Amino acid sequence: MTPNPGEPLEELGVLNPASGRDPDGRLYLLPRLVASGNVSRVGLAEVVLENGVPVGVERRGVVLAPDEGWERGADNAGVEDPRTTWVPSLGLHLMTYVAYGPLGPRLALAVSSDLTSWRRLGPVQFGYQPDLDTDLNLFPNKDAVFFPEPVPDPDGRPSYAMLHRPMWDLGWFRPGETVHLPAGVTDERPGIWISYVPADEVVADVDALARPRGHRCVAMSQYDFEELKIGAGPPPLRVEEGWLLIHHGVSGHLPPGFGGTGVNAAYAAGAMVLDPADPSRVLARTPEPILAPETEEERDGTVPNVVFPTAIEAVDGVRYVFYGMADSKIGVARLEHA
């Protein structure tokens, strides 16, 4: 998928899509559409298949825009980088997205039964956890995604779990504040965390999904292609060995804050397997990327040298990964089992 010439809502790119199937089984992407002024919306686009292979899209409009006050600042606005997880036990698609509002990027949730009509659950409100000696709600956060079924929480209760990536440097917001790390954390780099909501609470009130607790770190940067930070990609996929999580790793140089200037970094994709009995525990991970910027579309764009996987879908038994290319376009790769 490439920006549609003459479409103002796509002037600065189409990228980082979520995905899902509607009640009739048709496959859709939910791409981030970036208009002038770096204002993002979430679109809907039906995937065109040829011989079972995704080859393009047909646009179906916009399903989420920064219409709420907390999704807009004085000089910025956006609903960005959606991830959607179909949860059969709830009969709902769960969308996590980044609301780029007055205090920068904050996580938010919405739910839908058909991919077209979405109901906001509002900003994520992380439960206070005394042993962390901090409040996760103070920090910008990105790259959130839900597991597709309940998993055990730290107490063994079946829970709906969300992966996310807090960022500890508050200097972007208040000069001099710099980095505030939770208790027990010594690495300043953003890593992958997990939080939980007991399944029975969600069944009683789906709005409970926006109030996760039981926070703990899952993984930090470990290899060269992840030297700056890591973050979750598509929804975790249940495989024989556990939960397969494709993640992105960043190397090179990134400027402070959240602007795009001064970027001289590469985004590549790795993979890890999480323990099905305790998804906060990593069983294995790839020391080298499984997808890296190689093509012209991946190496040249709004932010060069970026592959950013955000969705996995199966078509006729073959799994495909959809990903952002240089923050400008959307590509697809076949996921193969070695």
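The preceding data block contains the structure.
A brief look at the structure comes next.

**Concerning the nonpolar core**
Moving on, step 1. Membership of the largest hydrophobic core comes to 29 residues, with the highest contact counts inside it found for L90, L94, L109, M162 and L209.
Moving on, step 2. Where this core is concerned, the elements lending two or more residues are β6 (92-101), β7 (104-112), β9 (141-146), β11 (158-166), β12 (192-198) and α1 (199-204).
Moving on, step 3. Each residue touching M162, except ones within four places of it in the same chain, is listed here: T96, L107, L109, V124, F126, A144, V145, F146, W193, I194, S195 and P212.
Moving on, step 4. Listed in part, the 16 residues of the second largest apolar core include L163, Y196, A219 and L274.

**Focus: the sheet that holds strand β8 (residues 119-123)**
Moving on, step 1. Reading across the sheet, the four strands line up as β5-β6-β7-β8 and stay open at both edges, with antiparallel pairing between neighbours. The open sheet has two free edges, formed respectively by β5 (79-87) and β8, since each of these has just one partner strand. The mean inter-strand angle of the sheet, taken between neighbouring strand axes irrespective of direction, is 25 degrees.
Moving on, step 2. Pairing of β5 with β6, which is carried by seven bridges, proceeds in the antiparallel orientation. From the neighbouring strand, V79 faces β6, where its bridge partner is A99.

**Looking at the packing of aromatic side chains**
Moving on, step 1. Using the criterion set out here, one finds five aromatic pairs in the structure.
Moving on, step 2. With centroids separated by 5.3 Å and ring planes inclined at 90 degrees, the aromatic side chains of F147 and W243 adopt a geometry described as edge-to-face. Taken as a pair, F147 in the loop between β9 and β10 (151-152) and W243 in strand β16 (residues 242-253) lie far apart in primary sequence, 96 residues in all.
Moving on, step 3. You can call F147 buried: its relative accessible area is 0%.
Moving on, step 4. With a relative accessible area of 2%, W243 lands in the buried category.
Moving on, step 5. By the ring-pair criterion, three or more aromatic residues cluster together here, those being F139, W168 and W193.
Moving on, step 6. Across from the ring centre of W243, 5.8 Å away, lies the NZ or CZ of R238, which sits over that ring.

**Remarks on the pattern of salt bridges**
Moving on, step 1. Evaluated as defined, the whole model comprises 20 salt bridges.
Moving on, step 2. Here D155 makes a salt bridge to R157, at a shortest N to O gap of 3.8 Å.
Moving on, step 3. When its relative accessible area of 37% is taken as the criterion, R157 is described as partly exposed.
Moving on, step 4. Measuring nitrogen to oxygen at the nearest pair gives 3.9 Å for the salt bridge that ties R211 to D205.
Moving on, step 5. Here R211 falls in the partly exposed class, since its relative accessible area comes to 44%.
Moving on, step 6. Its relative accessible area of 34% is what places D205 among the partly exposed residues.
Moving on, step 7. Among the charged side chains, a network of salt bridges with common partners joins D22, D24 and R26.

What counts, and where the lines are drawn
Residues numbered from 1 in each chain as written. Predicted model: local features only at pLDDT ≥ 70, side-chain atom pairs only at ≥ 80, totals over all residues. Heavy atoms only, no water. Core = buried A, V, L, I, M, F, W, Y, C linked by side-chain atoms within 4.5 Å. Buried < 20%, exposed > 50% of the residue type's maximum accessible area, 1.4 Å probe, protein only. Helix = DSSP H or I, 4+ residues; strand = E, 2+ residues; numbered from the N terminus. Contact = heavy atoms within 4.5 Å. Pairing = 2+ DSSP bridges. Axes fitted to C-alpha atoms, helices over the stretch in contact; angles between N-to-C directions. Phe/Tyr/Trp six-rings, centres within 6.5 Å; stacked < 30°, edge-to-face > 60°. Lys NZ or Arg CZ within 6 Å of the ring centre and 35° of its normal. Salt bridge = Lys/Arg side-chain N within 4 Å of Asp/Glu carboxyl O.

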